[in-house]
Amino acid sequence: MDQNLFNDICLQQLTLSGVHEGETVVVLTRGAERTEYADAFLWAIQKLGATGYHMRLPSPASAGGAWAVGDSGLGRIPLAVDALKAADMVVDCTFLLFSREQFAIQDAGTRILTAVEPPELLARLMPTTELRERVETGAELLAKASTMRITSPHGTDVTYRLGMYPTMSEYGYTDTPGRWDHWPAAFVFTGASDDGVDGRIVLAPGDVLLPFNTYVQTPVEITIEQGFVRDIRGGAGSSGLDADLLRSYIESFDDPRGYGMSHVGWGLDERAHWHGLTQFGGGMGMELRSFYGNVMFSIGPNNELGGPNDTACHFDIPMRGNSLFLDDELIVDAGELTVPEMRPVHRR
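Residues numbered from 1 in each chain as written. Predicted model: local features only at pLDDT ≥ 70, side-chain atom pairs only at ≥ 80, totals over all residues. Heavy atoms only, no water.

**Digging into the pattern of salt bridges**
Argument step 1. Overall, the coordinates contain 20 salt bridges when judged by the stated rule.
Argument step 2. Where arginine 161 meets aspartate 195, a salt bridge forms, and the shortest distance between an N and an O atom there is 2.7 Å. In this pair, arginine 161 sits in strand S6 (residues 157-161) while aspartate 195 sits in the loop between strand S9 (187-191) and strand S10 (197-203), placing the two residues 34 residues apart along the sequence.
Argument step 3. When its relative accessible area of 39% is taken as the criterion, arginine 161 is described as partly exposed.
Argument step 4. Beyond isolated ion pairs, a larger network of salt bridges with shared partners links Arg100, Asp255, Arg257 and Asp310. (Salt bridge = Lys/Arg side-chain N within 4 Å of Asp/Glu carboxyl O. Helix = DSSP H or I, 4+ residues; strand = E, 2+ residues; numbered from the N terminus. Buried < 20%, exposed > 50% of the residue type's maximum accessible area, 1.4 Å probe, protein only.)

**What to know about the sheet that holds strand S2 (residues 51-57)**
Note on sheets: strands pair through backbone hydrogen bonds, and any given pair is parallel or antiparallel.
Argument step 1. Sheet architecture is open: five strands sit in the order S2-S1-S3-S4-S8, paired in parallel fashion. Looking at strand neighbours, the two that pair on one side only are S2 and strand S8 (180-182), the edges of this open sheet. If you compare each strand with its neighbour and ignore which way they point, the axes differ by 20° on average.
Argument step 2. Pairing of strand S3 (residues 89-92) with strand S4 (residues 111-114) involves four bridges; the strand directions are parallel. Across the sheet, residue valine 91 finds its bridge partner in S4, namely leucine 113.
Argument step 3. Along the sheet, helix H4 (residues 100-107) contacts S3, S4 and S8; its crossing angle with S4, the most-contacted strand, is approximately 135°. (Pairing = 2+ DSSP bridges. Axes fitted to C-alpha atoms, helices over the stretch in contact; angles between N-to-C directions. Contact = heavy atoms within 4.5 Å.)

**Considerations on the sheet that holds S9**
Argument step 1. If you walk across this open sheet you meet the five strands as S7-S9-S15-S16-S17, and the pairing is antiparallel. The strands lining the two open edges of the sheet, one partner per strand, are strand S7 (168-170) and strand S17 (315-319). Looking at each pair of strands side by side, their axes are set apart by 20° on average, direction ignored.
Argument step 2. Relative to S9, S7 runs antiparallel, the two sharing three bridges. Following the sheet pairing, methionine 168 is matched in S9 by phenylalanine 189.

**Observations concerning the side chain of threonine 94**
Argument step 1. Relative to the assigned elements, threonine 94 resides in the loop between S3 and H4.
Argument step 2. Under the relative-accessibility criterion, threonine 94 is labelled buried at 15%.
Argument step 3. Within the structure, threonine 94 has its side chain in polar contact with the side chain of aspartate 92 (distance 2.6 Å).
Argument step 4. For threonine 94, the contacting residues outside a window of four places in its chain are Leu28, Thr29, Arg30 and Val116. (Polar contact = N/O pair within 3.5 Å; in protein donor to acceptor, adjacent residues only side chain to side chain.)

Dropping the structure here:
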């Protein structure tokens, strides 16, 4: 993307995020990654009359291997953490999520925006206040619920016992002290009680495995008891390849907490494409997490919600064509949202 265009969309983003004169905004990068993001955000910060600077962390000591969440690169640099805590806003171009340092920065009242997806995707899925309103409607419904049930024509039937953890919303910008968001994003989620997930999930071809950034090719049957995955196997008549890959990846962390059930919710952005992995290499998969009517469950850490599981093993799995019930009320009907206030105007 042309740098001037990138500057302009970063200006739109920071305007939505309420950046104004008198504020301090830090743009955080790592190594040689996303230096053009820093340039664009610093230009936008200056245009809005705020004070900005670029904090660049060293590259990781080693690359490759499984993607381990929670390693921010800040753990050995307390002075850097203190500087970020002193800012009004941090633009995170590194992915701090699930790290202790991110939680400490938020606790200090600093709002954080993660921006790591390709610029073309950031532009196409620019957040809007209308989308925020629809996401917040979903969050209000989810926060009131005590149970969630997910079903599918492929055999999924799983129940989450809710109420232990807060409901979170992501709509792609943040203008509230201490709040984190991810650009782009449009979904709501919460977590069950630590022992409160039971049933079976059947992944079907076309469902998405993140961070693999791949589509499921062969059915996968996942058995969950008391909040933990107890069995992963290929569906009837399948080669079992996707089940083998999923199981092997979790086993590679040698951490039984990697089998814990994490957050669960649904997506609301009709502009987001299910086929998004075929574009830009898929980025980090935020388009897939956000596409309209997907039901997404996660395996691994729940410390984002205040839970005790901080395993480095993490999966997000958006599914197509599923139905979701809150306290027996149908909210997502085979991929269509049933509540008019959560739909875009043209689908009401």
